[in-house]
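# Observations on the model geometry
Chain by chain, the residues run as shown.
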Amino acid sequence: MRYEYKPPIKFEYVGKPMNRVDAIEKVTGQAKYVTDMFFPNMLHAAIKKSPIPHGIIKNIDISKAEKLPGVRAIVTGKDVPYRQGIYLVDRPIITPDRVRYVGEPVAAVAADSLDIARQAVELIEVEYEELPVIQDPREAMKGEVLIHPDLAKYDKLPLYNIEPEKNVFHHHKTRKGDVEKGFAEADIIVEKEYSLPQMYHAPLEPHGAIAFWDYNEKLTVYSSAQSPFTLRNLIAHAFKLPRHKVRVIAPYVGGGFGAKAGINMEGIVIALSEKLKGRYIKLIYSREEDIRAVVRQGMYAKIKTGVKKDGTITAMEATLIFDGGAYAEYGTNVVRAAGYTLPGSIYVPNLKTDSYGVYTNHFLGGAFRGFGHGELHWATERNLDEVAQELGMDPVELRLKNLLKPGLTNSMGQTIHHDTGNPEACLKKAAELIEYGKKTEPSGPRKVRGKGLATLVKAPAMPTNAGSAVIIKFHEDATVTLQASIQEIGQGFNTAVVQMAADALHISPDKIHFVTPNDTDVNPYEWQTVASRALWTVGNALYRAAEDALNQIKNIASQVLGVAPHNLEVEDDRVFVKYRPEKYILLKDIVMGYTYPDGHAIGGPVIGRGSFVPEMLTNLDLETGQGNAAAEWTFGAQGAEVEIDLNTGELKIIQLVGVFDAGTIINPITAGGQVVGGMIQGMGPAIFEGIKYNEKGYPLTVSFTDYKIPTIADIPEEIKYDFVQTFEESSPFGAKGVGEHPMISVPPAIASAIYDAIGVNLRELPLTADKILEAINKRN
C-alpha cells in the first residue's frame, strides 16, 4: 500500500493572485540596475575586439593609446593570463594569443570618459595571422583544424567527456535497453535530420559590471548577474582569490534568459580594476557587444525511430551535434541536459543517444531559457509527427499511446511516479483549448489554416549538490525580513517567495519584507538562478527556516504559558494554546525574547535558518547515461494554429496554447505572465530568429536592425494557457518550475500546424516565408 502523503502546509496565500512586490519600484523607475549606478571618480571602460573569426595574434601595440590624455590603464591578455568557465575552464578573460570569433576581446581600456576609452581602443594596433575558419560543427568533428589545441590540458568537472582531436568539448551518451533489438521489432523505421541556428537572448538590459578593488585587496563587483554566488566563485577561481576577498552585488537584472548565468565580461573590468586600485571602473555592453557576448547554441540532429503498426515505439537512435561556438564553458551542460532528456515525454524502451558539443568559430554558445530542451524537442517532436504520417495515425493519438506514465522509466532509468507529473492531462487539455481537429475559416482566398500540437518535459539541469539557503529575521514589531539569494530577473520570484513565507509562518504577506539587492557578503548562499528550480529548492529551504523560527517562538512561549511546545500554534500576530485559544502571547512580545514583570528575560531575537540540497541525486554513468540526475520534472503540451498565404508563403500565427504541469501554482498572475512571455519568446526561433554569418565566418546579424525578435505586431490573436497541478511531494509547497518551459515546444507545434495546413514537413528553423513558399512550390 502506498504511503498517503499529506501536505505539511495549509495554504491561505499560495495559489492566489497577488500583485508583484517590486511593481512600484519598477514602474516608477526607483529600481536600480547596474547601468543606473555611478560612483565618485568612476572610470569607464571600452574593449578592443577581434575583426577576424580565427587567427593568431602576432603583436599588439598600445603605445599610441597610452599617450591619449584621460587614459588610465590598458590591459591585454598577457596582463591577465587566466581562463574562466563553470564546467570547462576554456575561455580566457582577454585572449592573449589566438582569436576564435569576430568580436572576441583582445584588449581593454579604462579612461576618464567613455568617449576617451573608445578613442583609445581605436588607437590600439593588432597584427593577426589568419587561420582557417570552421563554421559547421560536423566539419569541425573531422579534426582537420583544432580550435582549442590545448583542450586536453583545460580544467573541467569529471562528469564531462572531451574529445580533443575532434573539437568536442563534451560527448554525452545514453544507452538504454537494446536499440538494435528494438529496431528489429519495429514495423516501420523513420529517420530524418533537423537543424536550427544560433539564437540571441535579447534581454532588455545588456551585460554590465562595475569593479572596485580597494587597498585592502578586497574586490567588489556590481554585476547584472543572474547568479551572484556562482559569479563570485568563478571570479575567485580565475583570479586566484579567497572567496571572502570577493564581494558580488547584483541589483535588479533586466532579463537574463541564461545569458547572465555564469561569468562573461566581468573579468575584463576586474583586470582593469586590479591596475587601478581605489577607482570604480564601469563597463556596459552595447547591443552589438551583447549579441557577440553569448548566444544559444545551434544544432544539427538526426533522429531514427522504430515503431510497430499499432503506434508502439520500440526504439530510437539520436545524434545531436551542437554548434558550441568558440568557447564551451556553460554550454557543456546544455549538451548534457539535451542528451539525458531526449526523447522527451515519450517512453522509449530501447534508446541510444549521442549528444556532442563542438567548437566552431561562431559566437560562444551558452545557457538559454530551457537550455538544450528547445533544441532536442524541435528534433524529436518533429520526428514523432513524421512517424505518425508514415503510420497514417493522428500525431496526438501517437503521443497519447507512448507518453511516460507511472511505473515506466525515462531515458536515465528513473521510474515515473504518480507525482512526477501528468503529460497525458496536459496534452488532452491543450487539444481541447485549441479545438484540435476543428478547422477554422481562413481570412481570405489562397490562404489555408492548420493546427498542431507538441509535448515537452524538462527537469532542472544542475549539479547534485546545488544548494539553497534562507534566513528569516523577526523584528521588534513581529514583522519579518526574508533573505534568499535567487536573483529577480523578471520572473516574479520575490513575490512568490513572500507568498510561500506567509503560509509557512502563518502571518500576512504585508508583514514580510524581501531583501534586495543580492549581496554575497550579506545574503545566504544560493547556487544559481537558473533551470526553473527556485520555487522547488528555495521552497524547501524556506520551509525549514520557517519551522526553525516557529520552533524558537514556541519554545519561548511554552515556558511563559506553561504548556508543551507541540500544544502551541502561531497565527498572524500571536502564539496561542491550541486547546485554549484565549491563552496567548502577542508575537511582538516574544520575538526579541520574553521579559517577565520582574525584569528577567528568556530567549532572544528569533532568526530562522533553513538550507537544502537536492536529495538522492547521483551523477550519470559516463558510458550509459544511467543514473538519478533529475530531481523533478515539469511536463507540458503546446499547440499552434497558423494561416499560410499560398502565394507568398507568409505565415501568420492565429493562436498559441500551452498547458503545463508545474505542481502547485504559487501565484496565478506571475505564472501566467511567465507562460505568455515564454510562448511569445518561443515564436522567435520558430519563425524568424537566428544568428547569420557569411561564408567567411563574419556575423551579419549584430543589431536589432538585422536580428528580428517578436514584437507586439507578431503576437497571435489568441494566447490560451492552463495548468495541471499535480502536487510535487518533494516540495512542501508542491511546486516546481514553469519559467523556461513555455518556449520549448512552440517551434514544433507551429511546424506541425504548417504540415496540417499545406502538407509539407519543414525540418530547419526558422520557418520563414521563403522556406514555406519553396516547400509549397516543390509540393506542387
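Described below are features of the structure shown in this document. Numbering of residues starts from 1 in each chain and follows the order in which that chain's sequence is written. Local features in a predicted model are, by the rule used here, given only for residues with pLDDT of at least 70; side-chain atom pairs are given and counted only at 80 or more, and totals for whole chains, interfaces and linings are based on all residues. Calculation of side-chain values draws on the structure's entire complement of heavy atoms; hydrogens and water are dropped beforehand.

### Overview of the nonpolar core
Of all hydrophobic cores here, the largest spans 208 residues; its most connected members are I235, I472, I590, I750 and I754. Secondary structure counts use DSSP, requiring at least four H or I residues in a row for a helix and at least two E residues in a row for a strand, with both numbered from the N terminus. Of all the elements, helix α14 (residues 534-561) adds the most residues to this core, at twelve residues. Every residue pair with non-hydrogen atoms within 4.5 Å of one another is taken to be in contact. Those residues within four positions of I590 in sequence are excluded, and the remaining contacts are I553, I556, A557, V575 and I585. Each nonpolar core is a collection of buried residues, namely Ala, Val, Leu, Ile, Met, Phe, Trp, Tyr and Cys, held together in the definition by side-chain atoms within 4.5 Å. Any residue under 20% of the maximum accessible area for its type is buried, any over 50% is exposed, and the rest in between are partly exposed; the area is computed with a 1.4 Å probe on protein chains only. Residues I291, V295, A326 and Y327 belong to the second largest nonpolar core, which totals 18 residues.

### Observations concerning the side chain of T726
Along the chain, T726 falls in the loop between β33 (718-723) and α16 (746-758). Its relative accessible area of 17% is what places T726 among the buried residues. Nitrogen and oxygen atoms within 3.5 Å of one another constitute a polar contact, given that in protein one can donate a hydrogen and the other can accept it, and given that sequence-neighbouring residues count only through two side-chain atoms. Polar side-chain contacts of T726 include one of 2.6 Å to the side chain of D661. Non-local contacts of T726, meaning those with residues more than four positions away in its chain, are made with H418, D419, G421, N422, D661, G663 and G734.

### Comments concerning the packing of aromatic side chains
Between 30 and 60 degrees the pair is tilted, below 30 it is stacked and above 60 it is edge-to-face, where a pair is any two Phe, Tyr or Trp rings, Trp via its six-membered ring, whose centres lie within 6.5 Å. Here the structure, examined in full by the defined rule, presents 22 aromatic pairs. With centroids separated by 6.3 Å and ring planes inclined at 45°, the aromatic side chains of Y200 and F704 adopt a geometry described as tilted. Here F704 lies in the loop between α15 (668-687) and β33 and Y200 lies in the loop between β10 (188-196) and β11 (208-213), a separation of 504 residues in the sequence. Note on Y200: relative accessible area 1%, which makes it buried. Residue classification places F704 among the partly exposed residues on the basis of a relative accessible area of 38%. Relative to F723, the ring of Y721 lies with its centre 5.8 Å away and its plane at 65°, an arrangement referred to as edge-to-face. An aromatic cluster of three or more residues is present, and its members are F39, F212, Y222 and Y280. When the NZ atom of lysine or the CZ atom of arginine is within 6 Å of a ring's centre and also within 35 degrees of its normal, the charge is said to sit over that ring. The aromatic ring of F368 is capped on one face by R296, whose charged end is 5.8 Å from the ring centroid.

### Side note on the pairing of strand β13 (residues 246-250)
With four of five residues buried, β13 lies mostly within the body of the structure. When DSSP finds two or more bridges between two strands, those strands count as paired. The pairing of strand β12 (residues 219-223) with β13 spans four bridges and is classified as parallel. Pairing of Y222 across the sheet is with I249, part of β13. Pairing geometry for β13 and strand β24 (residues 518-519), over two bridges, is antiparallel. Among the inter-strand pairings, I249 is bridged to a residue of β24, identified as D519.

### Description of the sheet that holds β33
Pairing is mixed in the open sheet, where four strands are placed in the order β20-β31-β32-β33. Because the sheet does not close on itself, it has two edges, and the strands there are β20 (447-458) and β33. Across the sheet, the mean angle separating the axes of adjacent strands is 10° when strand polarity is ignored. Only the stretch in contact is used when a helix axis is fitted, and all axes are lines through C-alpha atoms; the angle between N-to-C directions ranges over 0 to 180 degrees.

### Examining the packing of α15 against α16
Relative orientation of the contacting elements α15 and α16 amounts to 60°, with a least axis distance of 8 Å. On the basis of the axis angle, α15 is oblique to α16. The chirality of how α15 crosses α16 is right-handed. Residues M679, G682, M683, P685, A686 and I687 of α15 form the contact with α16, whose participating residues are V746, P747 and I750. Ten residues, namely Ala, Val, Leu, Ile, Met, Phe, Trp, Tyr, Cys and Pro, are considered nonpolar, four, namely Asp, Glu, Lys and Arg, are considered charged, and the remaining ones, Gly among them, are considered polar. Classifying every residue of the contact of α15 with α16 by side-chain character gives eight nonpolar, one polar and no charged. In these notes the angle categories are as follows: under 35 degrees is roughly parallel, over 145 is roughly antiparallel, 65 to 115 is roughly perpendicular, and the rest is oblique. Here a crossing is called left-handed whenever its near helix is offset anticlockwise from the far helix by less than a right angle, and right-handed whenever the offset is clockwise.

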